[in-house]
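# Chain and residue survey
The lines below spell out each chain.
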Amino acid sequence: MSALHRDLLTTDGQGAVPVRFVGPDGATDAGAGGWAGANGFKGKPGQILPVPDGQGGFAAILVGTGETFDPLSARALAARLPPGLYRLEAEPEAARKAALAFLLGAYVFDRYKARPDRDGVRLVAPEGLDVEAALRIAAACALAREMIDTPAADMGPLQIETIAREIAEAAGAAIAVTTGDALLDETYPAVHAVGRAAAPHRAPRVIEIGWNLERADLPLVALVGKGVVFDSGGLDIKAAAGMRNMKKDMGGAAHALALGRLVMQAELPVRLVVLVAAVENAISADAFRPGDILNSRKGLTIEIGNTDAEGRLILADILTRAGEHAPDLTLDFATLTGAARVALGPELPPLYTDDDALAADLLEAGRAVGDPLWRMPLWAGYRAALETEIADVRNDSAAWAQAGSVTAALFLQKFAPTTGSWAHMDIFAWNPRARPGWPEGGEAQALRACYAMLKARYPGS
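Description of the structure in this document.

Calculation notes
Residues numbered from 1 in each chain as written. Predicted model: local features only at pLDDT ≥ 70, side-chain atom pairs only at ≥ 80, totals over all residues. Heavy atoms only, no water. Helix = DSSP H or I, 4+ residues; strand = E, 2+ residues; numbered from the N terminus. Expected span 1.5 Å × (residues − 1). Buried < 20%, exposed > 50% of the residue type's maximum accessible area, 1.4 Å probe, protein only. Arc of directions from axis to C-beta. Pairing = 2+ DSSP bridges. Contact = heavy atoms within 4.5 Å. Axes fitted to C-alpha atoms, helices over the stretch in contact; angles between N-to-C directions. Core = buried A, V, L, I, M, F, W, Y, C linked by side-chain atoms within 4.5 Å. Parallel < 35°, antiparallel > 145°, perpendicular 65-115°, else oblique. Left-handed = near helix turned anticlockwise from the far one by under 90°. Nonpolar A, V, L, I, M, F, W, Y, C, P; charged D, E, K, R; others polar. Phe/Tyr/Trp six-rings, centres within 6.5 Å; stacked < 30°, edge-to-face > 60°. Patch = residues over 30% accessible without salt bridge, like charges linked within 9 Å, V, L, I, M, F, W, Y side chains within 5 Å. Areas by Shrake-Rupley, 256 points an atom, 1.4 Å probe, with all protein chains shown as cover. Salt bridge = Lys/Arg side-chain N within 4 Å of Asp/Glu carboxyl O.

## Looking at helix H12 (residues 356–369)
When the terminal C-alpha atoms of H12 are compared, their 20 Å separation across 14 residues agrees well with the 20 Å that a helix rising 1.5 Å per residue should span. Along H12, the residues that are buried comprise Leu-358, Ala-359, Leu-362, Leu-363, Ala-365 and Gly-366. Axial view of H12: buried residues confined to an arc of 160°, hence all on one face. For H12, exposure combined with an orientation more than 90 degrees from the buried face picks out Asp-356 and Arg-367.

## What to know about the sheet that holds strand S17 (residues 421–426)
With mixed pairing, the eight strands of this open sheet are ordered in space as S7-S8-S10-S9-S13-S17-S14-S15. Unpaired on one side and paired on the other, strand S7 (174–179) and strand S15 (374–375) mark the two borders of the sheet. Note that strand S13 (residues 329–334) and S17 share six bridges and pair parallel. Within S17, the residue paired with Leu-331 across the bridge is Ala-423. Contacts from helix H9 (residues 251–265) reach strand S8 (205–211), strand S9 (220–231), strand S10 (271–281) and S13 within the one sheet, and its direction differs from that of S9 by about 145°.

## Let's talk about the nonpolar core
If you look at the biggest cluster of nonpolar residues, it comprises 90 residues, and the most contacted ones within it are Ile-160, Leu-259, Leu-331, Met-425 and Leu-454. Within the second largest apolar cluster, 42 residues are counted, among which are Leu-275, Ala-277, Ala-334 and Leu-386.

## Points about the environment of Ala-168
Mapped onto the secondary structure, Ala-168 falls in helix H5 (residues 157–171). Separated by 101 residues in the primary sequence, Ala-168 and Glu-67 have C-alpha atoms spaced 46 Å apart. If we skip the residues at most four places from it in the chain, Ala-168 touches Ala-173, Ile-175 and Ile-209.

## As for the sheet that holds strand S16 (residues 393–394)
Taken in spatial order, the three strands of this open sheet run S11-S12-S16, and their pairing is mixed. Two strands lie at the open edges of the sheet, namely strand S11 (293–294) and S16, each paired on one side alone. Across two bridges, the pairing between S11 and strand S12 (residues 302–303) is antiparallel. Bridging from a neighbouring strand, Ile-293 pairs with Glu-303 of S12.

## Here's the deal with the packing of helix H3 (residues 92–105) against helix H4 (residues 131–149)
Helix-helix packing is described using two parameters, namely the angle between the two axes and the distance between the axes. Their axes nearest at 9 Å, the elements H3 and H4 cross at an angle of 30°. Between H3 and H4, the interaxial angle falls into the category roughly parallel. Helix-helix and strand crossings are classified by hand; for H3 and H4 the assignment is right-handed. Contact residues: Leu-100, Leu-103 and Leu-104 in H3; Ala-134, Leu-135, Ile-137, Ala-138, Cys-141 and Arg-145 in H4. Counted by class, the contact of H3 with H4 contains eight nonpolar, no polar and one charged residues.

## Let's talk about the pairing of S8
When you tally the buried positions in S8, you get seven out of seven residues, the bulk of the element. Burial along S8 is two-sided: Arg-205, Ile-207, Ile-209 and Trp-211 facing one way and Val-206, Glu-208 and Gly-210 facing the other are all buried. Alignment of S7 against S8, held across six bridges, turns out to be antiparallel. Within the sheet, the bridge partner assigned to Ala-174 lies in S8 and is Gly-210. As judged from the seven bridges shared by S8 and S10, these two strands associate in the antiparallel manner. Paired with Ile-207 across the two strands is Val-276, which belongs to S10.

## So, the side chain of Thr-65
Residue placement: Thr-65 occurs in the loop between strand S4 (58–64) and helix H2 (77–80). You can call Thr-65 buried: its relative accessible area is 13%. Leaving out residues up to four positions away in the same chain, Thr-65 has contacts with Phe-21, Val-22, Gly-23, Gly-43, Lys-44 and Pro-45.

## Digging into the packing of helix H10 (residues 311–323) against helix H13 (residues 404–413)
For the pair H10 and H13, interaxial distance at closest approach is 9 Å and the crossing angle is 30°. What the angle tells us is that H10 and H13 run roughly parallel. Our pair here, H10 against H13, has a crossing hand that is right-handed. Along the contact surface, H10 presents Arg-312, Leu-313, Leu-315, Ala-316 and Leu-319, while H13 presents Ala-408, Phe-411 and Leu-412.

## Notes on the packing of aromatic side chains
A full pass over the atoms with the stated rule returns four aromatic pairs. Between Phe-411 and Phe-415, the aromatic rings sit 5.2 Å apart at their centres with planes inclined by 40°, giving tilted as the arrangement. Both residues of the pair, Phe-411 and Phe-415, count as buried.

## Some remarks on the environment of Trp-400
Mapped onto the elements, Trp-400 comes out in the loop between S16 and H13. Distance from Trp-400 to Leu-183, taken between C-alpha atoms, is 35 Å for residues 217 residues apart in sequence. When sequence neighbours within four positions are dropped, the list of residues in contact with Trp-400 reads Gly-381, Tyr-382, Ala-384 and Ala-385.

## Details of a nonpolar patch on the surface
A cluster of nonpolar side chains, Leu-235, Ile-237 and Ile-283, forms an exposed patch at the surface whose accessible area comes to about 270 Å². Within the secondary structure, Leu-235 sits in the loop between S9 and helix H8 (240–243).

## Section: the pairing of S17
Each regular strand shows side chains that alternate between the opposite faces of the sheet. Among the six residues that make up S17, six are buried, leaving the element largely enclosed by the rest of the structure. Alternating positions in S17 separate into two faces, Ser-421, Ala-423 and Met-425 on one and Trp-422, His-424 and Asp-426 on the other, with burial throughout. Judged from the two bridges that link them, strand S14 (residues 350–352) and S17 form a sheet pairing that is antiparallel. Its bridge partner lying in S17, Tyr-352 is registered against His-424.

As structure tokens, this is what we get:
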């Protein structure tokens with residue numbers, strides 16, 4: 001399952017039109033004579049000016065950068081350039097980053113609406129670019145975005161399982177799936193409680209992929225993803241506006257699977273466990289209720305204050321399962337809280353970890369690849385907001401704490417592995433506004449940053 005065509009990049013540059021990135025200072029000296037001035041091209045961000053060659057084609061394409069060239073802006077090229085073959089004129093490292101950005105911007109979700117012109121723009125691979133690696137990264141992001149964009153009717157727990165099986169099979173990895181009432185037998189009570197109200201063909205399940213596990217000499221990395229395929233809010237039902245985009249609430253699972261595929265394709269020298277809980281938070285006579293007390297795999301009891309705080313419940317069980325592998329590093333991805341958006345907006349996901357070195361590595365990797373994160377505190381003073389008189393913990397923090405993303409992370413910390421390091425990304429996984437290269441809809445966030453960090457930590461031979 002992928003929305004990326006391999007021929008977007010080519011090593012044959014014959015006939016390619018140069019793309020020149022031009023700032024305000026170079027707008028009048030861009031090899032285009034007076035054409036730029038005559039057409040009001042001033043090198044501003046977002047400006048694109050084709051320069052005719054006098055024979056019905058183009059001699060060059062001028063692309064405005066503003067004062068500083070941001071290679072990520074090349075995401076817009078696939079959507080804005082006329083059909084043709086192009087080569088980027090930029091410093092080698094910037095050109096390589098821009099080429100990957102071009103691939104990210106070429107994603108189109110066309111499952112339900114034909115896009116006959118989607119392959120009209122192609123790019124010559126810049127010198128030094130590892131084409132296969134770039135295509136794998138872009139394809140991983142496309143996989144996550146396509147899963148998120150697909151409506152819940154066509155992306156239920158079974159479909160997530162099917163994708164996980166395809167990924168495992170391609171890598172020669174082991175996969176185990178526990179479904180429905182078997183979750184109780186296998187001690188995933190919180191996952192079962194959240195998903196039990198769904199129709200039988202959309203039964204909840206825990207998916208576990210294991211790769212390289214026989215290599216006891218290698219560090220173990222666990223990737224954990226929240227897979228709520230649709231979140232009605234449960235009995236604490238969401239308003240219509242809040243429910244509209246809840247097909248994206250499985251974005252954490254999509255990220256964990258896509259990142260896991262990348263790790264296995266690159267054959268990083270690690271043991272890998274990918275854990276996903278795929279459920280639908282539905283409404284029926286069997287739905288879990290406000291006031292219920294749930295058991296968890298860890299043995300902690302959880303008082304339900306709000307059935308719309310369900311993601312942390314399923315993560316509690318699978319984070320506990322991750323801990324049973326004694327991982328050296330655990331990364332979890334979840335579209336967990338609206339409070340994260342209030343704090344940082346849709347484009348900057350919060351990062352939570354108590355490991356300063358891991359935080360520094362993730363933030364630096366995010367800056368290097370243009371996939372930003374912002375570290376938020378696991379503020380100990382708010383732990384009291386999770387206390388309750390009749391259970392070990394509550395799933396909705398007391399109102400006085402207010403910091404909903406922080407308290408959600410503190411809840412997860414109670415279940416996170418105690419070996420190695422743990423980081424939690426509260427991603428939005430969505431572009432709420434359309435712009436060239438960033439269509440409205442599913443978005444991969446923190447995926448490239450985490451992959452860059454893993455490659456740096458585990459570089460292999």
